Amino acid sequence: MIRLGKQVALGILLPTVAASASGASFLISVPAVVSARGGGLVESSAIITAYMLGVAAGAALASRVGSGRTLAAGSAAVASASFATIAVFELVPLLAVMATVAGAASSAFGMGRVILLAGSVSPERLGTASSFAGAAARAGDVIGPLAAALAISSKTPEGGLWASAGLCAVTAVLVVSSNPAAPIREAAARQGMLASLYRHRAVLVQVAVPASAISLLRTARVVVLPLWGAHASIDPALVAVLLSASSALDALFLFGAGWIVDRFGILWALVPAGAGMSASLALLPLSANLLPAPAALTAAALIAGVAAGFSGGLMSLLGVLLAPDDNRPAFLSAYLTVANAGMVVAPAAIGAVATAASLPIAVLAVAVVGGAAVTVLGVRAPRFLVAAWKPLGAKD
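Attention in this report is confined to the structure presented alongside it. What you are looking at is a predicted structure, and each value in this text was computed from that prediction instead of being measured. (Residues numbered from 1 in each chain as written. Predicted model: local features only at pLDDT ≥ 70, side-chain atom pairs only at ≥ 80, totals over all residues. Heavy atoms only, no water.)

### Considering the overall build of the protein chain
In step 1: Helix and strand content of the protein chain: 16 helices and zero strands.
In step 2: Considering only residue pairs separated by 6 or more positions, the protein chain has 85% of its internal contacts joining residues 24 or more positions apart. (Helix = DSSP H or I, 4+ residues; strand = E, 2+ residues; numbered from the N terminus. Contact = heavy atoms within 4.5 Å.)

Right, dumping it as structure tokens:
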């Protein structure tokens, strides 16, 4: 077991647990809060959508903050204030605005965490450290709903929101109070995201765009499995169990991803992971006449879970490895905005193609596009990152 030190544990991993728990607590609390205030499904969906839009835009808004610690602590404080505002005020438009702010702050915290991690851990241990950070985020996903459940009661449905605010405040305190043994290597922000998009357009087009296939495939797994279950008239209880098993495998194989990255190179984890997720999706329509629908869905869910685990946390790590030392925050903003586009596009693309043609065609299209993009990533990334197929600590 790798030892990452007190600096990483207290200043990065524990804040990651708290920040992830705050977001999960918020999402669980929204329906109860909206219902208590006389709203319904439409209002709940609007607030959750606003939060997710903020998450998608957060990296772009954080491009000029040079210090990872300032970015992580400041964004956690902003999120805490946003959750508290939602708990106090009942005006739905204001709730949507503050949910967007909270989502953006959550995304900005993730970017600050990546910068902190890159400056705190030696290159040969960065893959495993990223896996620990991914595991910390998943631990927060488990803790958050439990915290909300303890805080919510019939008399105080806003308790979950206050739990989110408190967890974010704890996050900020942990980040600020961490006392590194050695100075963290951070570069000041030199330019904004738009300028960085133009300056680094070659690497963004040839690496970040194909890398977005990983986020596309990871999101497609969560969207497609329940849709396919309904399409094939599979027992919803079985679908739920398979989704849970897929998520468990995702978490289990996180540490395998870090081990591979540190010893062989980041593409040895990312490319097979993308290929595995593409294959798992393609299996569903291609095996329609070969396997019973429940067996096909089981195989797809298990393969996708393992493959997703081997890609966990590596999208951000790839951006860190590509980022120039003199412009890391702005580059990461540009890179993550492009690379995470697949996460935003996937549900809409699947729905549009399924409506225009059919669900099997939509699933197969996503599998083909994802597989092709991952292949491009494996071919083009070494042009900008010589050690893409080598251990992180190896000399170029």
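### Here we look at the nonpolar core
In step 1: In terms of nonpolar packing, the biggest core is built from 82 residues, with Ile 266, Leu 318 and Tyr 335 touching the most fellow members.
In step 2: Top contributing element to this core by residue count: helix α8 (residues 201-231), with 13 residues.
In step 3: The contact partners of Tyr 335, leaving out residues within four places of it in the chain, are Leu 204, Ala 208, Ala 211, Met 315, Leu 318, Gly 319 and Leu 322.
In step 4: Residues Val 33, Phe 83, Ala 99 and Ala 105 belong to the second largest nonpolar core, which totals 20 residues. (Core = buried A, V, L, I, M, F, W, Y, C linked by side-chain atoms within 4.5 Å. Buried < 20%, exposed > 50% of the residue type's maximum accessible area, 1.4 Å probe, protein only.)

### Some points on the packing of helix α4 (residues 92-120) against helix α14 (residues 328-339)
In step 1: Contact pair α4 / α14: the axes reach a minimum separation of 11 Å and the direction vectors enclose 130 degrees. Between α4 and α14, the crossing angle belongs to the class labelled oblique. Note on packing geometry: the crossing formed by α4 with α14 is right-handed. Between α4 and α14, the contacting residues are Met 111, Val 114, Ile 115 and Ala 118 on the first element and Arg 328, Pro 329, Leu 332, Ser 333 and Leu 336 on the second.
In step 2: Residues belonging to the contact of α4 with α14 are distributed by class as follows: seven nonpolar, one polar and one charged. (Axes fitted to C-alpha atoms, helices over the stretch in contact; angles between N-to-C directions. Parallel < 35°, antiparallel > 145°, perpendicular 65-115°, else oblique. Left-handed = near helix turned anticlockwise from the far one by under 90°. Nonpolar A, V, L, I, M, F, W, Y, C, P; charged D, E, K, R; others polar.)

### Some details on the pattern of salt bridges
In step 1: Enumeration over the complete set of coordinates arrives at four salt bridges.
In step 2: The salt bridge involving Arg 37 is made with Glu 158; its shortest N-O contact spans 3.4 Å. Pair noted here: Arg 37 is in the loop between α1 (5-36) and α2 (41-61) and Glu 158 is in the loop between α5 (126-151) and α6 (159-177), with a separation of 121 residues, a long-range link.
In step 3: Residues Arg 218 and Asp 250 are paired through a salt bridge, measuring 3.5 Å at the closest nitrogen-oxygen approach. Of this pair, Arg 218 sits in helix α8 while Asp 250 sits in helix α9 (residues 236-252), placing them 32 residues apart in sequence. (Salt bridge = Lys/Arg side-chain N within 4 Å of Asp/Glu carboxyl O.)

### Comments concerning the side chain of Ser 130
In step 1: Structurally, Ser 130 can be placed in helix α5.
In step 2: Apart from the residues within four sequence positions on either side, Ser 130 is in contact with Leu 117, Gly 313 and Leu 317.

### Quick notes on a nonpolar patch on the surface
In step 1: On the surface, Val 78, Val 97 and Val 101 cluster together into a nonpolar patch covering about 210 Å² of accessible area.
In step 2: Considering the arrangement of structural elements, one finds Val 78 in helix α3 (residues 68-88). (Patch = residues over 30% accessible without salt bridge, like charges linked within 9 Å, V, L, I, M, F, W, Y side chains within 5 Å. Areas by Shrake-Rupley, 256 points an atom, 1.4 Å probe, with all protein chains shown as cover.)

### Here's the deal with α9
In step 1: For α9, spanning 17 residues, the distance from its first C-alpha to its last is 24 Å, which sits close to the expected 24 Å at 1.5 Å a residue.
In step 2: Buried within α9 are the following residues: Val 239, Leu 242, Ser 246, Leu 249 and Asp 250. End-on view of α9: buried residues confined to an arc of 105 degrees, all on one side of the axis. Facing away from the buried side of α9 by more than 90 degrees, the exposed set consists of Val 241 and Leu 252.
In step 3: At its buried positions, α9 is contacted by α5, α8, α10 (254-263) and α12 (293-311).
In step 4: Residue Asp 235 occupies the N-cap position of α9, its side-chain oxygen lying 3.1 Å from the main-chain nitrogen of Ala 237. (Expected span 1.5 Å × (residues − 1). Arc of directions from axis to C-beta. Polar contact = N/O pair within 3.5 Å; in protein donor to acceptor, adjacent residues only side chain to side chain.)

### Description of the side chain of Ser 164
In step 1: Inspection of the secondary structure assignment puts Ser 164 in helix α6.
In step 2: Since its relative accessible area comes to 0%, Ser 164 is described here as buried.
In step 3: Only 2.8 Å separates the side chain of Ser 164 from the backbone oxygen of Ser 22, close enough to count as a polar contact.
In step 4: Ignoring anything within four residues of it in the chain, the contact list for Ser 164 reads Ser 22, Ser 25, Phe 26 and Phe 83.

### Concerning the packing of aromatic side chains
Working definition: an aromatic ring pair is given by the centre-to-centre distance plus the angle between the planes.
In step 1: Counted according to the given criterion, the structure contains six aromatic pairs.
In step 2: Consider the rings of Phe 26 and Phe 83, whose centres lie 5.1 Å apart with planes at 40 degrees: the pair is tilted. Pair noted here: Phe 26 is in helix α1 and Phe 83 is in helix α3, with a separation of 57 residues, a long-range link.
In step 3: Phe 83 gets classed as buried once you look at its relative accessible area, which sits at 1%.
In step 4: Clustering of aromatic rings is evident, with ring pairs tying together Phe 26, Tyr 51 and Phe 83. (Phe/Tyr/Trp six-rings, centres within 6.5 Å; stacked < 30°, edge-to-face > 60°.)

### Topic: unusual backbone geometry
In step 1: At Ser 233, a residue that is not glycine, the phi angle is positive and equals roughly 55 degrees.
In step 2: With respect to the helices, strands and loops of the structure, Ser 233 is situated in the loop between α8 and α9.

### A closer look at the packing of α3 against α4
In step 1: Contact geometry for α3 and α4: axes closest at 8 Å, N-to-C directions at 160 degrees. Of the possible angle classes, the one that applies to α3 and α4 is roughly antiparallel. Between α3 and α4 the crossing geometry is left-handed.

### Details of the environment of Val 353
In step 1: Looking at the element boundaries, Val 353 is found in helix α15 (residues 341-356).
In step 2: What makes Val 353 partly exposed here is its relative accessible area of 32%.
In step 3: Spatially, the C-alpha atom of Val 353 lies 8.8 Å from that of Val 363, the residues being ten residues apart in sequence.
In step 4: Setting aside its immediate chain neighbours within four residues, Val 353 contacts Ser 358, Ile 361 and Ala 362.

Honestly, that's just the spatial picture; any functional story needs more than this.
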